[in-house]
Amino acid sequence: MNFSFSDEQRMLCDSVSRFVKQQYSFDQREVARQKEAGFDDKNWALFAELGWLMVPFSEKAGGLSGKAADVMIVMEELGKGLVVEPYFANTLLAGKLISELSSNSNSNAMLENMMAGEYQFSLAYCEPQSRYDLANISTQAEVFDNEFVLNGHKSVVLNAAMADMLVVIARTSSFQTDKNGLSAILVDPQSPGVDIRCYPTVDGFQAADIYFSNVTVAKSSLLGNLDDAFPALEKTVDFATFGVCAEAIGMMEMLYKKTVEYTKERQQFGKPLASFQALQHRMADMFIEYEQAKSAVLMAAMELDSTQGFAPKEVSAAKSRVGKAARLIGQEAVQLHGGMGVTDELDIGHYFKRLTAIQFVLGSTDFHTQRYASLCR
Amino acid sequence: MNNQFTDQELAFRDEVRNFLKVSLPKTTSERVLNGLRLTKEQRVQWQKVLYDKGWIAPNWPVEFGGTGWSATQKYLFEHECAAAGAPEVIAFGLKMVGPVIYTYGTEQQKKRFLPDILKSDVWWCQGFSEAAAGSDLASLQTTATLDGDNYIVSGTKTWTTYAQHADWIFCLARSPDRSLKNQQAINFLLIKMDTLGIKVSPIMMLDGQREINEVHFDNVVVPAENLIGEPNKGWSYAKMLLTHERTNIAKVAISKTRLKNLRKMASEPPKGGVALIDDHAFALKLAELEIELRSLEYTEMRTLAAVSSGGAPGPESSILKIKGTEVAQFIDELYVEAAGYYCLPFVNDQFHSDTNAEFPREHHIGQGSETDRAPWYFNNRKASIYGGSNEVQKVIICKSVLGL
């Protein structure tokens, strides 16, 4: 049992941490966020140059090793900076699914381009009715001799506007909630019949609802086997869930520390806020929640690395525990910052917004508690 | 970074497991696993088995009788013991005053006291709290006045666990010099319980048991050679002891075993009824509790890892105390819930023929040990109060970790 970083991990951590500290102040983040793409492509190019985009992928796929602990390090540090570059949507979600399913030279080449920072992906899996049930997919891909014809509606697709290629989860057979009969298909967003309605999200990212009407796609665009995308999708979404948990850890550390610093400076009734015990105990609670959530994420990382990357019980435990901590720490940080906490000007509220979003994507806190409970049966 | 055990560590685990299988009396482990009380004799018997094996004091330095185990070995030992239903070692000698004596005691004190602690031949109790000195321990009023070669001790200690069984008490008592600040006037004294002027009176707890006592000192004569360290420096020795006590209070391994048993119990439907685990709300509470406990286990391992790479069990041990007791008390509550109507009968410890002659086995009420769950829940509300209340632990976190 060993909790210390390897030399490579230490270097990776330093590298991401240095970027956030030196080139990603909250003001710089806001400038990046307001660019047309929703992020700064110079930053993205730098991520590629520093090798961060290769971290989650196997050496066979052209990546660095794909250990959960490494991904945890990257996501935790990015979380500290509230980084809006689409590491999660592009690399962890869409990229990872492609690498799980990758079977043809075409998609391998695209994945390598993604790692080089030159290609953006977006994974379209959720639908308005599906909530957190990954198998509830009504988007149809009718199978013909040489092509698929897609019809359906995908909701809140992250990074869709910037995507060079969409990865669409569609039903190629069976009934709407069956785990069997789902396929992953690459779709060019420029194809006729693809209607992308973009919007910013509350937590600083970009997303879209996408409508497919009679969109024709070549058979060669299928990733993996027909009707068999579910296991890879579940594994990928689980891994991405672990990724946002690590991101949340970074944010919660910033929030509790910033709150402590603020209450030491802010004077009321002639003394610092930090001298009031009613507030002190709440900050102690924030600290305890952070440490417990961090432990849960470490547990998930270690389990993922000792089980070939699939540890649904521990990932659900982590998401449930992180969700609980994120709610308390986010709300308390705002409360203890008083009026400043609810302004757009201060970073505190933006951490709060992202922490709130994390509680409700990829399965809510309650969803994962229930999933854990049923996996224990 | 990994959570794997090495082959040597796995071999060690098997060695511990086999030892427990062979050496732990079944009558003892059954009581422990059912959450029932043990007699002093049962405890001493087990501690002597551990002593004979050389495993009684894993946390002590090797030169004083420790095992020299790594943090991982200690973790494995503790978890195997809890899983097998081995009694917890009584902390007062081995985990509290022992470390104080080998750290701050004289050579003579070490020679005199440590062997008996290791052999469990001498039973210790802790004379810290007083009626008016609880969380504010340093305001204690029991006095120790130097008179020639002796201290004269007067005052009353309270909440003294197992004082009725104890041969010795380690005691905090202040010097009469009122010009000294509280923390700078405290002496750490070792006092024999059969000394003239000591009187022990029982305090009954919510479970109807005598576990704690008041200990009265009326001009008790204590040889000055029984002072630990220097006069008036006792507070710093006590603080060191309390850090050890807090880490010990987390009881992660025991909670894991208890939760596992609770889950097993809840999964077995009563004849003609429905298993409790099929109650969605109960299953969720159980899941949440298990997630908290598994997280706490990692928090504990992180703390141990920091300690073994040179750090001290610092203020983080406060997290272990707070969360460890919260989890344990939540488990207590769910056991009561699982008992249903059988939480009501107040037939304290009906399995224990020594203390309760009214209930021979054939007259048992309930199907298992359900009737002991509510009394234990009431009793164990103490856990968030002793060892520095959980609120005091938060003050420690604020001061020492957050710098508030």
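Residues numbered from 1 in each chain as written. Chains lettered and ligands numbered in written order. Predicted model: local features only at pLDDT ≥ 70, side-chain atom pairs only at ≥ 80, totals over all residues.

**Some points on the overall build of chain B**
Quick reminder of the rule: Strands are runs of DSSP state E lasting at least 2 residues, helices are runs of H or I lasting at least 4, and numbering of each runs from the N terminus. Only the C-alpha atoms count toward the radius of gyration. The rule for a globule is 2.2 Å times the residue count to the power 0.38. To assign burial, the other C-beta atoms lying within 10 Å of each residue's own C-beta are counted, with C-beta atoms placed from the backbone; 20 or more indicates buried, 12 or fewer indicates exposed, and intermediate counts indicate partly exposed.
A tally of helices and strands in chain B yields 12 helices and 7 strands. By the compact-globule yardstick of 22 Å for 404 residues, chain B fits well, its C-alpha radius of gyration being 22 Å. Along the first, second and third principal axes, the C-alpha atoms of chain B reach 75 × 55 × 45 Å. Looking at the 404 residues of chain B, the share that counts as buried comes to 39%.

**Here's the deal with the domain arrangement of chain B**
Residues and elements named next belong to chain B. Here is the rule: Boundary definitions for the domains trace back to an automatic or database domain assignment. Whether two residues are in contact is decided by their C-beta atoms, placed from the backbone, lying within 7 Å. Polar here means any residue other than Ala, Val, Leu, Ile, Met, Phe, Trp, Tyr, Cys and Pro, which are nonpolar, and Asp, Glu, Lys and Arg, which are charged; Gly is therefore polar.
Domain boundaries assigned for chain B yield domain 1 (7–89), domain 2 (122–233) and domain 3 (250–401). Each of domain 2 and domain 3 has a C-alpha centre, and these two points are 31 Å apart. Facing 6 residues of domain 2, the contacting portion of domain 3 comprises 7 residues. Looking at side-chain class alone, the side of domain 2 that touches domain 3 contains 2 nonpolar, 3 polar and 1 charged residues.

**A closer look at the confidence of the model for chain B**
Where we set the bar: By definition, pLDDT measures how confident the predictor is in each residue, and it falls between 0 and 100.
In this model, chain B carries a mean pLDDT of 91, and residues with pLDDT of at least 70 account for 93%. Predicted as a complex, the structure gets a pTM of 0.93 and an ipTM equal to 0.93.

**Some remarks on the nonpolar core**
To keep things clear, this is the line we draw: As used throughout, a nonpolar core is a set of buried Ala, Val, Leu, Ile, Met, Phe, Trp, Tyr and Cys residues joined through C-beta atoms within 7 Å of each other.
Core analysis: the largest hydrophobic core is formed by 220 residues, its most contacted members being Val167, Ile185, Met252, Val297 and Ala300 of chain A together with Leu189 of chain B. Among all residues touching Met252 of chain A, those that are not within four sequence positions of it are Tyr290, Ala293, Ala325, Ala326 and Ile329 of chain A.

**What to know about the environment of Met162 of chain A**
All names here are of chain A. Relative to the elements of secondary structure, Met162 occurs in the loop between strand E3 (147–158) and strand E4 (165–171). Judged by the 22 C-beta atoms lying within 10 Å of it, Met162 falls in the buried class. The spacing of Met162 and Ser130 is 32 residues in sequence and 24 Å in space, taken between C-alpha atoms. Those residues in contact with Met162, other than ones at most four positions away along the chain, are Ala37, Gln120 and Gln206.

**Here's the deal with the environment of Asp147 of chain B**
Tracing the backbone shows Asp147 of chain B in strand E2 (residues 143–147). Considering only alpha carbons, one finds Asp147 of chain B and Pro223 of chain B, 76 residues apart in sequence, at a separation of 9.6 Å.

**Observations regarding the environment of Asp167 of chain B**
Residue and element names in this part refer to chain B. With respect to the helices and strands, the residue Asp167 is situated in the loop between strand E3 (150–157) and strand E4 (168–174). For Asp167 and Asp121, which are 46 residues apart along the polypeptide, the C-alpha to C-alpha distance reads 9.2 Å. Excluding its chain neighbours within four sequence positions, the residues that come into contact with Asp167 are Val122, Trp123 and Met193.

**Some points on the domain arrangement of chain A**
Taken domain by domain, chain A comprises domain 1 (7–115), domain 2 (121–228) and domain 3 (231–376). Each side of the interface is counted separately: domain 2 of chain A has 9 residues, and domain 3 of chain A has 11 residues.

**Description of the interface of chain A and chain B**
Taken together, the 32 residues of chain A in the interface contact 29 residues of chain B. Elements with a minimum of two residues in the side of chain A that touches chain B: helix H8 (277–306), helix H9 (312–336) and helix H11 (365–376) of chain A. Broken down by element, the residue count for the side of chain A that touches chain B peaks at 15 residues, all from H8 of chain A. By residue class, the composition of the side of chain A that touches chain B is 18 nonpolar, 11 polar and 3 charged.

**Looking at the pairing of strand E6 (residues 198–204) of chain B**
All names here are of chain B. Basically, it comes down to this: Any two strands are treated as partners once DSSP identifies two or more bridges connecting them.
Summarising the sheet, E6 and strand E7 (residues 210–223) pair through 7 bridges and their orientation is antiparallel. Each residue of the ladder has a partner; that of Ser201, found in E7, is Glu214. In this antiparallel pair of consecutive strands, E6 and E7, the connection spans 5 residues, and Gly208 shows a positive phi of 80°.

**Some words on unusual backbone geometry**
Residue and element names in this part refer to chain A. The backbone of Leu362 shows a phi angle near 60°, a positive value even though the residue is not glycine. Of note, Leu362 is situated in the loop between helix H10 (347–360) and H11. On the neighbour-count criterion, Leu362 (23 C-beta atoms within 10 Å) is buried.

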